[in-house]
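Spelled out from the first residue to the last, the chains are:
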Protein chains: 2
Amino acid sequence: MACHNQAYLTKYDMVSDVKPGGTFLLDCAWKPEELDAHLPSKVKKYIANNNVNFYIIDATDIAAKRIGNVKVKNTVLQSAFFALAKILPAAEAVEYMKKMAYKSYIKKGQAMVDLNYAAIDAGADAFIKVEVPEAWKTCADDAPKAPATGTRPALVKAVNELLEPISSMAGDSLPVSAFADNPDGTFQQGAAAYEKRGVAVNVPLWHAENCVQCNTCSFVCPHAAIRPAAMTAEEAAAAPEGTPFAARPVLKTNYKFTMTVSALDCMGCTLCVKACPVTKKALENAEKTVAAEHPEYDAKTAAKEAAKLAAPKIALEMVPQAKGLAQQGAFDYAVAHVAEKPELVGNTIKGSQFKQPLLEFSGSCAGCAETSYARLVTQLFGERMYISNATGCSSIWGGAAPATPYTVNKESGHGPAWCNSLFEDNAEHGLGMYLGQKVLREKLIGYVRELNEMVGEGELKTACENYLSTLDDGKANEAATKALVAAMEASTCEKCAALREKILAEKEYLSKKSIWIFGGDGWAYDIGFGGLDHVLASGEDVNVFVFDTEVYSNTGGQASKASNLGQVAQFAAAGKAIGKKNLAEIAMSYGYVYVAQVAMGADMNQLLKALTEAEAYHGPSLIIGYAPCEMHGVKGGMQNCQLEMKKAVDAGYWQMFRYNPTLETGKLTVDSKAPSADYIGFIKSENRYARLAQTNPERAEALFEKAKENAAAKYQRLEKMSELYK
Amino acid sequence: MACHNQAYLTKYDMVSDVKPGGTFLLDCAWKPEELDAHLPSKVKKYIANNNVNFYIIDATDIAAKRIGNVKVKNTVLQSAFFALAKILPAAEAVEYMKKMAYKSYIKKGQAMVDLNYAAIDAGADAFIKVEVPEAWKTCADDAPKAPATGTRPALVKAVNELLEPISSMAGDSLPVSAFADNPDGTFQQGAAAYEKRGVAVNVPLWHAENCVQCNTCSFVCPHAAIRPAAMTAEEAAAAPEGTPFAARPVLKTNYKFTMTVSALDCMGCTLCVKACPVTKKALENAEKTVAAEHPEYDAKTAAKEAAKLAAPKIALEMVPQAKGLAQQGAFDYAVAHVAEKPELVGNTIKGSQFKQPLLEFSGSCAGCAETSYARLVTQLFGERMYISNATGCSSIWGGAAPATPYTVNKESGHGPAWCNSLFEDNAEHGLGMYLGQKVLREKLIGYVRELNEMVGEGELKTACENYLSTLDDGKANEAATKALVAAMEASTCEKCAALREKILAEKEYLSKKSIWIFGGDGWAYDIGFGGLDHVLASGEDVNVFVFDTEVYSNTGGQASKASNLGQVAQFAAAGKAIGKKNLAEIAMSYGYVYVAQVAMGADMNQLLKALTEAEAYHGPSLIIGYAPCEMHGVKGGMQNCQLEMKKAVDAGYWQMFRYNPTLETGKLTVDSKAPSADYIGFIKSENRYARLAQTNPERAEALFEKAKENAAAKYQRLEKMSELYK
């Protein structure tokens, strides 16, 4: 038996299926002498008492350092498994594995095949036999896991009684009565924060001395695992010992600044480090210096030396989880005890990150662009958001009940109300959400008008008037609603007591809500398009965000109408023969739909503008966000997700623009510059295209050339269309 | 009991439910003294033997001549019914009816209310008591109806065994075994020709001496009830006595020309008379003369006098059915015995009408624009057409089984293969039809390639080569396929006998087919749009025709996304608040979809161009045809359907254009001229808009003004877009 993730030892029962005298292989970062301290007592006892042959291997280290690509870790482990299992003679097993590796990876190029060959060779003898101490037989039991605690009793109950058994795979033992609190399928938001899966091998470590407090790292994080905190002197004083602070306070304030990291929630994607401008600059400078001083270095050596040289100047670096864990206390403290500083919050890269994210620790892939977008949306509008979510990746990471990653803020307990709908009717479902709250709110607005007529001059009247004059402005109405509720609760006016009571009974529906319809391209371009079109046409005030991965990601990579010419996908094995559907232009044809295309990694400010404008528009809005995906085979992996977006825009592969119906002139703003980089070079850097060049070079050449022409024409067309809308 | 259509007396058992001594009211054009000759023997016997009080009334005559609007015929009859039935005291009945008339029609204006008041007053005493002759008690039985005959035994069987009992409302008496020929739901095409419903009150009468042989009357006829025939001397000689012929032969030929009319299939819509350029000119001239000579005449008198003056110069006029029936023999003869003259057939108004229509005598409303379009399409491509039809009006008039109006040509027995699909998946269903025949055909093409390799020089090889070189050209391939089949059948080559046999076994799939997807705006803009978009995006060679009535016609007039700003419909009682969806622009966004908007009555040649280009394009095509509908409340009724299209285009209400992806430059041709007529004046002439001006004049003014702006902007946008596509 083999266990490929050390975190599972604590979470699941991994060893009791090993037969006495059997073999157990554990992939871990621990050295033999560290095992006693890290292994759960149950595991140690079972191994020792059952005479288990116990081996460990650090496959991540081998794959990353010896082979040079952490992705082949599984191949290393497979080879180690066969070497130990001895199902076949060792040499024969290696031969079979290499044959299969060739068959599986030749489509991705000989380099990928060679990597796997190296991994097979490396794995065959890279394990270490552990001498099991006699003491393990009788070691003391671990203290039982303490039940979860927190300030939200209903959530705590759900975590202890549902999430815990379900995520340890004991969900089938739950009686029906365990779900008595969830008769309608509603679950408490925020349970994901209790998972603390700790699955990242490496996590970021913040260097206070070099940070410029731009918050870009936090802005790109898909899992909300790295967050700035601005603390008053008192808050800072109460922070856990060793919490690092930047030397200078937050600009124009006295707040002490720290960047907190949750090593247990991080997925190790490295996006934050890649996005850090300080780190990037330091590395670039160091690379230049090394190149100038040591032109004789090969690429690998040069990179190593540059990293060493840059080290004292970087603000973020990836370190093993164990080391990064030292930052957990500060993170947990800030989440639980540091108050939001409203004056720091704003619609900027920096300001948006001083707001509590209301999507955190989801199960999306490491580096996922979708959750980076969605997390940001919750920071801007989350407290008054309703989300209708189409089936697809976003419904999986968004609602893997009972581990709910959408959460509520700590001040008022408000957060996104989230519901998953079917693939084919999500837009309609979201419109229904909108219409439902609209009816309730309009009734209440009527009551407030009555109330306003009824009461004399004074605080309550002012509050009514403020409320009534801000009905259409989400942000202003949120504040006015709070004030109105407070004024109603404080009021002693007797003749309006009954009316106040009626309003207060439904106070949650008073403020303007922000209705969002989320889904992927499979939903928006294909299966749910009929409904999406219908909802956009309706003219109602809903906001649609499309996570455009250009493929059905969640079901294994089938081509959608968002897939592009030449792209290889399921049902398009020979490269898609027709171009990408122009969903944005279709929506623009209505004239009264706000439409934007965005690419976070290419222009974060454009994204912020689009989100803010879309939400403020009193009609339907559609934002299509480019979302590179694990399925794309981005060169270097998903740590380059955000950089890939910039490359896509530079090469003219993706266009950024905003069509705003409220503008009198210049409704269509093209935010992308004219393409400056090589289109074909760009697409060939992604496996979803490169694969075709491998299997069918002639067809690839023809399709890629046509795709390039299409892309150029698309940009020209956009520019011409902006004339059309002048 | 009352019977409001004299044709029903023969078709159904109308009297046997009248109790002895009861009252029977018949609406008919017959005078009392003509009854003996016209009434079926069964009816006469029942009336006489059961002491039935028998009354007749000519409601059409009363409504048309005494009240001035044939539409109130039913109100006349209602009033007569109550006067005779004596359920209420007569005065009270009149009062109730007037109250209801007010309630029902005030939305359509006081004039409409007044018309109904007049009809109520007129109907109350306009019936005539028939003195029932004693002889009726013992009159001789009518000869039994002869069973249908014809040259297609399977169809004849279906007509006699299914159509006859079902359409006399005895379908529920049929045993399951009666459907043994239809186990898969397939019905014989062409059964509608056996219905001969004879429901038109007035039908056209052709005046050979004034006709210029332009065929426009036939071009606009929704029911294919008026058709030109070009006859050889022999054919003309064999024509029924009294068949009128034009003095001069068909241009550049010796064929004798006659315009034939089927009074029994005509619906009396009058479109042909309205479309006749000779008749129109004659009337206009006469009106001018009368106006000049008798300025003192009121409008009604002037119109009457002008009609009298024009009479000797017109080519078509509406006459009572009985008079028009004299033309039936010539029509039936031409259909059955006059051969097509291929050299006269072409893609022109005139030429298209020398081709047998393969949609005839459907149950569509009188004046229906949809069947005018569809009939024309069958004349252009019907022999090699597959039609997938969405649910809606077009599925009702297209497939009211067992009365099938799609038919086959008399030469080869080919005609449209028609199938109705659901509302929500018709485009996909049509794509499936396309893909099915594509697979079959591609297999056969492979066989022909083999055959071509196998045979030596000679007729068969030439036929193979001609076939293979015309694969993508529908018309040319049709001829080449005929030649190939003949050559294969004639061939004696032994070594290729097996191959020939294989090909001939599936010869129907050899030629290029013309795949059409038909549906209304409810389907294309709304319920089936998701699928339509998917099919257009597929790039496959299918043709879509949308009958755009701007409303769900068949289900009673619900608003669709094709409905326009300010239009009153179900679910849009206060006038639709948002504009019409731009389906054409959406389709154009793909770049590889042929897209056209047409309006037959505004530009017949543009329609012909669009149909021909769309069908010839080797990719998806979308044609959106403007189709005024009974639901619109067009001024003067559906006799003005075709004229209304012209008005719509002149006012900028509808735009005509063609987007042809095959063109290198100038892909988008705007065929409409800049609007020259008053937009608001135009829409107010239709009840669907005028109604709003009545019920909510302020809202109407605002919406109409906005609609006018939208229309102007739409035309400008089109012109700018044509720049975009230059």
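Just so it is clear, the model here is predicted, and its values are computed rather than measured. (Residues numbered from 1 in each chain as written. Chains lettered and ligands numbered in written order. Predicted model: local features only at pLDDT ≥ 70, side-chain atom pairs only at ≥ 80, totals over all residues. Heavy atoms only, no water.)

Draft legend 1. How the structure looks around the overall build of chain A. Counting secondary structure elements, chain A contains 30 helices and 16 strands. Taking 27 Å as the expected radius of gyration for a compact globule of 726 residues, we find that chain A reaches 28 Å, a close match to that expectation. Across its three principal directions, the C-alpha atoms of chain A cover 90 × 65 × 55 Å. Per-residue burial for chain A yields a buried fraction of 53% across its 726 residues. A separation of at least 24 residues holds for 74% of the contacts in chain A among residues at least 6 apart in sequence. (Helix = DSSP H or I, 4+ residues; strand = E, 2+ residues; numbered from the N terminus. Rg over C-alpha atoms; globule rule 2.2 N^0.38 Å. Buried < 20%, exposed > 50% of the residue type's maximum accessible area, 1.4 Å probe, protein only. Contact = heavy atoms within 4.5 Å.)

Draft legend 2. Inspection of the sheet that holds strand β13 (residues 594-598) of chain B at higher detail. All names here are of chain B. Strand order across the open sheet formed by eight strands is β10-β9-β11-β12-β14-β13-β15-β16, with mixed pairing between neighbours. Each end of this open sheet is capped by a strand with a single partner; those strands are β10 (417-420) and β16 (668-670). On average, each strand axis in the sheet is inclined to that of its neighbour by 15°, with strand direction left out of account. Of the pairings in the sheet, the one linking strand β11 (residues 514-520) to strand β12 (residues 543-548) comprises five bridges and is parallel in character. Residue pairing in the sheet places isoleucine 517 in a bridge with valine 544 of β12. Contacts from helix α26 (residues 604-616) reach β11, β12, β13, β14 (621-626) and β15 (657-659) within the one sheet, and its direction differs from that of β13 by about 160°. (Pairing = 2+ DSSP bridges. Axes fitted to C-alpha atoms, helices over the stretch in contact; angles between N-to-C directions.)

Draft legend 3. Representation of the relation of the copies chain B and chain A. After a rotation of 180° and a shift along the axis of 0.1 Å, chain B superposes on chain A with an RMSD of 0.2 Å. Within this description, the copies of the chain are treated as partners about a two-fold rotation axis. If distances are taken from each C-alpha of chain B to the rotation axis, the shortest is found for Gly530(B), at 1.9 Å. Most of the interface of chain B is mirrored in chain A, where 100% of its interface residues again form contacts. (Least-squares fit on C-alpha atoms with pLDDT ≥ 70 in both.)

Draft legend 4. Spatial organisation of the interface of chain B and chain A. Opposite the 23 residues of chain B that make contact, chain A presents 23 residues. Buried area between chain B and chain A, both sides added, is near 2000 Å², and the carbon and sulfur share of it is 61%. A salt bridge links Asp533(B) to Lys561(A); its shortest N-O distance comes to 3.5 Å. Looking at the side of chain B that touches chain A, the elements with two or more residues in it are α23 (521-527), α24 (529-538), α25 (583-588) and α30 (697-724) of chain B. With six residues, the single largest contributor to the side of chain B that touches chain A is α24(B). Residues belonging to the side of chain B that touches chain A are distributed by class as follows: ten nonpolar, five polar and eight charged. (Buried area = accessible area lost by both parts, 1.4 Å probe. Salt bridge = Lys/Arg side-chain N within 4 Å of Asp/Glu carboxyl O. Nonpolar A, V, L, I, M, F, W, Y, C, P; charged D, E, K, R; others polar.)

Draft legend 5. Quick peek at empty space enclosed by the protein. All names here are of chain B. In the structure shown here, the tally under the stated rule is 14 cavities of 30 Å³ or more. What the largest cavity holds in volume is close to 290 Å³. Around the largest cavity, the lining comprises 20 residues; the ones closest to its centre are Pro228, Ala334, Val338, Phe354 and Lys410. Here the lining of the largest cavity takes four residues from strand β6 (residues 226-231), the largest share from any one element. Its residues assigned to classes, the lining of the largest cavity comprises eleven nonpolar, three polar and six charged. The volume enclosed by the second largest cavity comes to roughly 160 Å³. Around the second largest cavity sit 18 residues that line it, and Asn582, Gln597, Gln655, Phe657 and Lys714 are the ones nearest its centre. The set of elements that each furnish at least two residues to the lining of the second largest cavity consists of α25 and α30. For the lining of the second largest cavity, the leading source of residues is α30, giving four residues. (1 Å grid on protein atoms, 1.4 Å probe; cavity = no way out; pocket = protein on both sides within 12 Å on 5 of 7 lines; lining within 4 Å. Points joined across faces, edges and corners; volume = space filled by probe spheres on them.)

Draft legend 6. Focus on the nonpolar core. In this structure, Tyr373(A) and Tyr373(B) are the most contacted members of the largest nonpolar core, which totals 200 residues. Dropping the residues within four chain positions of it, Tyr373(B) is found in contact with Phe545(B), Phe547(B), Val598(B), Ala599(B), Met600(B), Leu607(B), Gly625(B), Tyr626(B), Ala627(B) and Met645(B). (Core = buried A, V, L, I, M, F, W, Y, C linked by side-chain atoms within 4.5 Å.)

Draft legend 7. Inspection of the state of the cysteines at higher detail. Tallying each qualifying case throughout the model produces two disulfides over all chains. Residue Cys493(A) pairs covalently with Cys496(A) via a disulfide, S to S 2.4 Å. Relative accessible area serves as the criterion here: at 0%, Cys496(A) is assigned to the buried category. With no disulfide partner, Cys365(A) has as its closest neighbouring cysteine sulfur the one in Cys368(A), 6.3 Å distant. In this model Cys214(B) remains outside any disulfide bridge; the closest cysteine sulfur is found in Cys276(B), 6.2 Å from its own. (Disulfide = S-S within 2.5 Å.)

Draft legend 8. Molecular detail of the domain arrangement of chain A. All names here are of chain A. Domain boundaries in chain A define domain 1 (2-138), domain 2 (197-276 + 315-355), domain 3 (427-509) and domain 4 (550-724). Across the boundary between the two partners, domain 2 contributes ten residues, which contact twelve residues of domain 4. For the pairing of domain 2 and domain 4, the buried interface totals around 950 Å² over both sides, and the portion due to carbon and sulfur atoms is 72%. For the domain 2 face of the interface with domain 4, the top three residues by lost area are Phe219, Leu271 and Lys274, together amounting to 50%. At the boundary of domain 2 with domain 4, the tally comes to two residue pairs in polar contact (both at pLDDT 80 or more). For the side of domain 2 that touches domain 4, the secondary structure elements donating two or more residues are α9 (216-220) and α11 (271-275). Of the residues in the side of domain 2 that touches domain 4, the class split is five nonpolar, four polar and one charged. (Domains from an automatic or database assignment. Polar contact = N/O pair within 3.5 Å; in protein donor to acceptor, adjacent residues only side chain to side chain.)

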